[in-house]
Amino acid sequence: LLTRNTSHKNTNESKTNTMYITKSRTALATIFFVVATTNEVDSFGAPMKTRMGPFGKVMMPQRTTAFQVSPTYSVPTTTTTTTSQLFATHDATTVETTTDSEVDRLRTMAAKLRAEAASMEAEKAQERAYANQRAFEKFDTNADGKVSLDELKAGLEKTWKAELEDGRAKQLMEAFDDSGDGVLQVDEFVSVDKFRSRLESMARDERVAAKELKRQAMLEQEAVQLAEARTNLINDGAPSNTDKLVSTLPYLLPLMDGLAFGRHFFEGHETNPAVAALAIFATLYRSIPFGGLIAFLGLSTLTGNFKINRLVRFNMQQAVNLDIALFVPGLIASLSALAGGDLGVQLPEGISEIGSDAVFIALVTSIGYSVISSLLGVAPDKIPGLSESVNQRMPTIDM
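As the structure is a prediction and not an experimental result, all values here were calculated from the model. (Residues numbered from 1 in each chain as written. Predicted model: local features only at pLDDT ≥ 70, side-chain atom pairs only at ≥ 80, totals over all residues. Heavy atoms only, no water.)

Draft legend 1. Quick peek at the overall build of the protein. A count of helices and strands for the protein gives 14 helices and four strands. Here the protein holds 399 residues, and 26% of them are scored as buried. Long-range pairs, those at least 24 residues apart, make up 60% of the contacts in the protein with a sequence separation of at least 6. For the protein, the accessible area works out to roughly 27,100 Å², and carbon and sulfur atoms hold 61% of it. (Helix = DSSP H or I, 4+ residues; strand = E, 2+ residues; numbered from the N terminus. Buried < 20%, exposed > 50% of the residue type's maximum accessible area, 1.4 Å probe, protein only. Contact = heavy atoms within 4.5 Å. Areas by Shrake-Rupley, 256 points an atom, 1.4 Å probe, with all protein chains shown as cover.)

Written out as structure tokens, the structure reads:
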């Protein structure tokens, strides 16, 4: 009986173990089918095949590595794509929820900070208003509800323990008196620190203005010194009596070269003292070898000497230009004489005489105007076409 009982006990334990193994197999199989994927490939890229499980049609991997639970059944251990996707989706959802919560928290904190800042600013504004009210009451000594110029000056001097100029106090009053009634009301009154800041700003502006005025004065002084240097370099001052007299001498050059055009005026007047004097001077002028060329080059060179008075230099240059202008009628007269001698072509005597007389009259008129104007100390710059070119060649202080 004892043996039978023992055998029966062992049989019951064996059945119990068999049932436990069977249940374990069933649970493992159920877990496998639940997490099985519906994709055609697994996480390793292997093809899938369709099987029927406890929950319907599922995709099974064709290549699996099994953990042998029994000789007749194996549990696949390969993790499928669906499992990874499930965990990834869950993690993304968790991260997104956490991010939204963090953003909401930061927004709430920002709103609180703004509210606190606004509250602090309001408190400071109230404190400033209260301080300004107390300062206003101290400055308003007669308690009439306004601060006059004298009260402002006295209050600032008492606060700063320093004397304030009347002009400064007036500037401060004008800076803060928005209504323009000459006094400060309660709403126009500011703190003592603002009065000090505005006063310092005025002082800085005045220093900047003073520096600018000093710079302008230095520039003007430099301009004066430059003008003086140019005056010393270029003699553009008023001519002296000697300069006036000397400025007429250069016109002897064009006069001597132009006497040939006035021969018709001199014929029959040889006994005239003026004509006789001109004849003697012309003889001496022509007796000097290359006298005309030397005089021409000398006058042209001296016009560049800036130490000579401008009136003298102007007349030198204008006399040179007059002498050059005589070249054209002289060339025409030479060609006419050549044509009459070699070619036998003679111009009418009247035409030749009229032309020579016109040239001589124009020459004497220009010289006479220039001499008279120079003796008066005025530059003879009114000869048409000629004086303009002379002015362009004359350097001045402004150049």
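So much for the structure itself; the text now carries on.
Draft legend 2. Inspection of unusual backbone geometry at higher detail. The phi dihedral of A143 is positive, around 55°, even though this residue is not glycine. One can find A143 in the loop between α2 (81-139) and α3 (149-160). Even without glycine at this site, F290 takes up a positive phi of about 55°. Note on placement: F290 falls in the loop between α9 (273-287) and α10 (291-302).

Draft legend 3. The pattern of salt bridges, seen in detail. Overall, the coordinates contain six salt bridges when judged by the stated rule. Between D166 and K153 there is a salt bridge, and its shortest N-O distance comes to 3.8 Å. Residue D166 is located in helix α4 (residues 166-176), and its partner K153 is located in helix α3; the two are separated by 13 residues in the primary sequence. The exposed category is assigned to D166, whose relative accessible area is 55%. Relative accessible area serves as the criterion here: at 19%, K153 is assigned to the buried category. The salt bridge involving D381 is made with K382; its shortest N-O contact spans 2.9 Å. Since its relative accessible area comes to 29%, D381 is described here as partly exposed. Residue K382 is classed as exposed on the basis of its relative accessible area of 60%. Via salt bridges that share partners, K153, E157 and D166 belong to a single interconnected network. (Salt bridge = Lys/Arg side-chain N within 4 Å of Asp/Glu carboxyl O.)

Draft legend 4. Structural view of the nonpolar core. In terms of nonpolar packing, the biggest core is built from 21 residues, with Y251, L255, M256, L259, L299, L322 and I367 touching the most fellow members. Looking at this core, the elements with two or more residues in it are α7 (252-258), α9, α11 (310-325) and α13 (349-375). Among the elements that line this core, the one with the most residues is α11, at five residues. Membership of the second largest hydrophobic core comes to 19 residues, among which are L152, W160, L164 and A169. (Core = buried A, V, L, I, M, F, W, Y, C linked by side-chain atoms within 4.5 Å.)

Draft legend 5. Focus on the packing of aromatic side chains. All told, the structure shown has six aromatic pairs when counted by the stated rule. Note on F139 and F189: the rings are 5.2 Å apart at their centroids and 65° apart in plane angle, and the pair reads as edge-to-face. Placement of the pair is F139 in helix α2 and F189 in the loop between α4 and α5 (192-233), with a sequence separation of 50 residues. Of the two residues, F139 and F189, both sit in the buried class. Ring geometry for F266 and F360: centres 5.7 Å apart, planes at 85°, overall edge-to-face. Taken together, the residues span a long stretch of sequence, with F266 in helix α8 (residues 263-266) and F360 in helix α13 at a distance of 94 residues. Classification of F266 as partly exposed rests on a relative accessible area of 22%. Among the aromatic residues, those joined into a ring-pair cluster are F136, F139, F176, F189 and F195. Looking at R198, its charged tip hangs above the ring of F176, at a distance of 5.0 Å from the centre. (Phe/Tyr/Trp six-rings, centres within 6.5 Å; stacked < 30°, edge-to-face > 60°. Lys NZ or Arg CZ within 6 Å of the ring centre and 35° of its normal.)

Draft legend 6. Spatial organisation of the packing of α3 against α4. It is the contact of α3 with α4, at a shortest axis distance of 10 Å, that shows an interaxial angle of 115°. As judged from the angle between their axes, α3 and α4 are roughly perpendicular. The hand of the α3/α4 crossing is right-handed. Here L149, L152, K153 and L156 of α3 come into contact with α4, specifically with D166, A169, K170, L172 and M173. A breakdown of the residues in the contact of α3 with α4 according to their chemical character gives six nonpolar, no polar and three charged. (Axes fitted to C-alpha atoms, helices over the stretch in contact; angles between N-to-C directions. Parallel < 35°, antiparallel > 145°, perpendicular 65-115°, else oblique. Left-handed = near helix turned anticlockwise from the far one by under 90°. Nonpolar A, V, L, I, M, F, W, Y, C, P; charged D, E, K, R; others polar.)

Draft legend 7. Fine view of a positive patch on the surface. Taken together, the side chains of R134, K138, K158 and K161 define a basic patch exposed on the protein surface. When you line up the elements, K158 lands in helix α3. Classification of K158 as exposed rests on a relative accessible area of 69%. (Patch = residues over 30% accessible without salt bridge, like charges linked within 9 Å, V, L, I, M, F, W, Y side chains within 5 Å. Lys, Arg positive; Asp, Glu negative; His and termini not counted. Charge placed at Lys NZ, Arg CZ, Asp CG, Glu CD.)

Draft legend 8. View of the side chain of S247. Take S247: it is sitting in the loop between α6 (241-246) and α7. Separated by 2.6 Å, the side chain of S247 and the backbone oxygen of K244 make a polar contact. Setting aside residues no more than four positions away along its own chain, S247 makes contact with L311, V312, N315 and S374. (Polar contact = N/O pair within 3.5 Å; in protein donor to acceptor, adjacent residues only side chain to side chain.)

Draft legend 9. Structural view of a nonpolar patch on the surface. A surface patch of nonpolar side chains, amounting to about 510 Å² of accessible area, comprises F327, V328, L331, I332 and L335. Here L335 shows up in helix α12 (residues 327-343).

Draft legend 10. Seen up close, α11. With 16 residues, α11 ought to run about 22 Å at 1.5 Å a step, and its terminal C-alpha atoms sit 22 Å apart, in line with that. Counting buried positions along α11 gives 14 out of 16 residues, so the element sits mostly inside the fold. (Expected span 1.5 Å × (residues − 1).)

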